[in-house]
Amino acid sequence: MPDRQRADARRNYARILAVAEQEVAAHGADASLERIARLAGVGSATVRRHFPGRRALLQAVFSERIESLCAHAESLTEAPEPRAALLEWLGALTDYSASARGMAEALAQDGLDDPSHESACAVVLTRGLEPLLRRAAEAGAVARDVTAGDLLALVTGIALATEGRPEAAVEARRLLELTVRGVSPEGLAGKRTREAAATRV
């Protein structure tokens with residue numbers, strides 16, 4: 001591809017993505033691809049060449065924030081309190097998913113479509129979450145049968161349930177706290193420690 005064509009393609013991509021971010025923020029995951037093309041000043045075929053489907057478009061819209069969430073997860077992997085680290089990250093994910101229109105729907109679609117797609121929002125977030133969950137489970141702070149997929153599904157459900165409410169992030173956090181009482185009650189780690197000690201006697 002000649003340099004001129006490559007430069008034009010890069011400009012088109014950036015323009016489409018900027019418009020898509022605005023449209024998804026305004027209309028959620030159902031933002032019209034045709035309207036995005038029109039506002040970006042390109043044809044629908046150009047949009048589909050860069051983003052073969054709505055899922056690819058949503059992945060691009062949310063990729064920067066998802067990368068930031070994964071970096072935050074990595075920064076917490078050596079935190080002294082595994083339970084607190086896990087809950088801090090889940091809180092950050094809940095805040096963003098509840099306040100960024102379309103994010104929860106993107107995660108929900110990942111669960112309905114092929115979950116093996118490497119760039120899928122849920123796949124990338126799972127890779128970031130698993131080390132935190134593993135440390136919390138090893139510390140006895142989370143039930144061992146809880147999976148990263150379970151936690152993402154819970155956050156997705158909470159975000160979908162609160163999306164569009166006046167204080168969506170606040171309500172989502174409250175629901176997350178209620179959920180955590182069942183997933184990781186405060187006394188779980190102490191109980192497991194006592195049970196392990198009893199088996200050694």
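Going by the structure above, here's the rest.
Residues numbered from 1 in each chain as written. Predicted model: local features only at pLDDT ≥ 70, side-chain atom pairs only at ≥ 80, totals over all residues. Heavy atoms only, no water.

(A) Quick peek at the packing of helix α4 (residues 54-76) against helix α7 (residues 121-138). For the pair α4 and α7, the least separation of the axes is 9 Å and the interaxial angle reads 10 degrees. Classified by the angle their axes make, α4 and α7 are roughly parallel. Residues Q59, I66, L69, C70, A73 and L76 of α4 form the contact with α7, whose participating residues are C121, V124, L125, G128, L132 and R135. Looking at the contact of α4 with α7 residue by residue, the class counts come to nine nonpolar, two polar and one charged. (Axes fitted to C-alpha atoms, helices over the stretch in contact; angles between N-to-C directions. Helix = DSSP H or I, 4+ residues; strand = E, 2+ residues; numbered from the N terminus. Parallel < 35°, antiparallel > 145°, perpendicular 65-115°, else oblique. Contact = heavy atoms within 4.5 Å. Nonpolar A, V, L, I, M, F, W, Y, C, P; charged D, E, K, R; others polar.)

(B) Structural context of the packing of helix α5 (residues 82-99) against helix α8 (residues 148-162). It is at 9 Å that the axes of α5 and α8 come closest, and there the two elements cross at 35 degrees. The interaxial crossing formed by α5 with α8 has right-handed handedness. On α8, the residues touching L86, L90, L93, T94, S97 and A98 of α5 are L151, L152, V155, I158, A159 and T162. (Left-handed = near helix turned anticlockwise from the far one by under 90°.)

(C) Quick peek at the nonpolar core. Formed by 56 residues in total, the largest nonpolar core has its most connected members in F62, L86, W89, M103 and L125. Counting residues per element, the ones that place at least two in this core are α1 (3-27), α2 (33-40), α4, α5, α6 (103-112), α7, α8 and α9 (168-183). In terms of residues, this core owes the most to one element, α4, which gives ten residues. Residues contacting L125, with those up to four places away along its chain left out, are I66, L69, C70, W89, L93, M103, L107 and L152. (Core = buried A, V, L, I, M, F, W, Y, C linked by side-chain atoms within 4.5 Å. Buried < 20%, exposed > 50% of the residue type's maximum accessible area, 1.4 Å probe, protein only.)

(D) Quick look at the pattern of salt bridges. Per the counting criterion, the structure on display carries five salt bridges. A salt bridge links R48 to E34, with the shortest nitrogen-to-oxygen separation between them at 3.3 Å. Of this pair, R48 sits in helix α3 (residues 44-50) while E34 sits in helix α2, placing them 14 residues apart in sequence. A salt bridge links E171 to R165; the shortest N-O distance between them is 3.4 Å. Through salt bridges with shared partners, one network takes in R165, E171 and R174. (Salt bridge = Lys/Arg side-chain N within 4 Å of Asp/Glu carboxyl O.)

Any link to function would need more than the numbers given here.
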